[in-house]
Amino acid sequence: MGQFIDDPSGNLPSSMDDIYQIVLNVMFFVGLAVTLIGVIYAGIQFITSKGDPKATDKAKSALTYSVLGIVLAIGALSVKMLVLNLLGVDDPELVGPLPGI
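Note on numbering: residues in each chain are counted from 1, in written sequence order. Note on the predicted model: pLDDT of at least 70 is required for a residue's local features to be given, and 80 or more for side-chain atom pairs to be given and counted; whole-chain, interface and lining totals, by contrast, use all residues. Think of the side-chain values as coming from all heavy atoms in the structure, minus any hydrogens and water.

Colleague: Explain the overall build of the protein to me, please; I cannot follow it from the model alone.
Modeller: On a plain count of helices and strands, the protein comes out with two helices and zero strands. Summary of the burial criterion: residues with accessible area below 20% of their type's maximum are buried, those above 50% are exposed, and those between are partly exposed, where the area comes from a 1.4 Å probe applied to protein chains only. The 101 residues of the protein split such that 26% are buried. Working rule for contacts: check all heavy atoms of both residues, and any pair within 4.5 Å makes them a contact. In the protein, the proportion of contacts linking residues at least 24 apart, taken out of those at least 6 apart, comes to 46%. Accessible areas in this description were obtained via Shrake-Rupley with a 1.4 Å probe; residue shielding takes into account the shown protein chains only. Element-wise, carbon and sulfur atoms account for 70% of the exposed surface of the protein, whose accessible area totals about 6,900 Å². Counting from the N terminus, the helices are the DSSP runs of H or I reaching at least four residues and the strands are the DSSP runs of E reaching at least two.

Written as structure tokens, this is what we have:
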């Protein structure tokens, strides 16, 4: 894909490939951040449950959803790699740096 933004400083993304990579990287990192927060939340719930079966079940549920979120984030990374390969990006890194910055 060709150039569509004329930026003499070189700080802006210069192709659709760059924009796709930035969007997918942001989505991946946001997903991981949310799941990390979920794991921490589940841990706090376990600690504060003090043996209460209802609270422990709630904490287990939160941990299960957090692990599912991690699996989905890794799946999103796999989709990212597939999309970048289908678009013909020559050197897609596992989690590439933001282009031009």
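Colleague: In this structure, what is going on with the side chain of S49? I would like to understand it.
Modeller: Among the structural elements, S49 can be located in helix α1 (residues 16-49). On the basis of relative accessible area, S49 is assigned to the buried category, the value being 9%. Counted as a polar contact is a pair of N or O atoms within 3.5 Å, where, for protein atoms, one must be capable of donating a hydrogen and the other of accepting one, and residues adjacent in sequence contribute only when both atoms are in side chains. A distance of 3.4 Å separates the side chain of S49 from the side chain of T56, its partner in a polar contact. What S49 contacts, discounting residues up to four positions off in sequence, is A55 and T56.

Colleague: Help me understand helix α2 (residues 53-86) in this model?
Modeller: Since there are 3.6 residues in each turn of an α-helix, residues three or four apart along the chain are aligned in direction. Each residue after the first adds 1.5 Å to the expected span of a helix. The first and last C-alpha atoms of α2 sit 49 Å apart over 34 residues, in line with the 50 Å expected at 1.5 Å per residue. Those residues of α2 not exposed but buried are T56, A59, A62, S66, G69, A73, L77, K80, M81 and L84. Following α2 by one or two positions, G88 adopts a phi angle in the positive range, close to 85 degrees.

Colleague: Which parts of the structure should I look at to understand unusual backbone geometry?
Modeller: Leave glycine aside and you will find that most residues have negative phi; peptide bonds, for their part, are mostly trans. Despite not being glycine, K50 has its phi angle at roughly 50 degrees, a positive value. As for its placement among the helices and strands, K50 is situated in the loop between α1 and α2. Classification of K50 as exposed rests on a relative accessible area of 78%.

Colleague: Any chance you could explain the side chain of T35 here in plain terms?
Modeller: Within the element layout of this structure, T35 appears in helix α1. Using a relative accessible area of 9% as the deciding quantity, one classes T35 as buried. From its side chain, T35 meets the backbone oxygen of L32 in a polar contact 2.8 Å long. Those residues in contact with T35, other than ones at most four positions away along the chain, are S66, G69 and I70.

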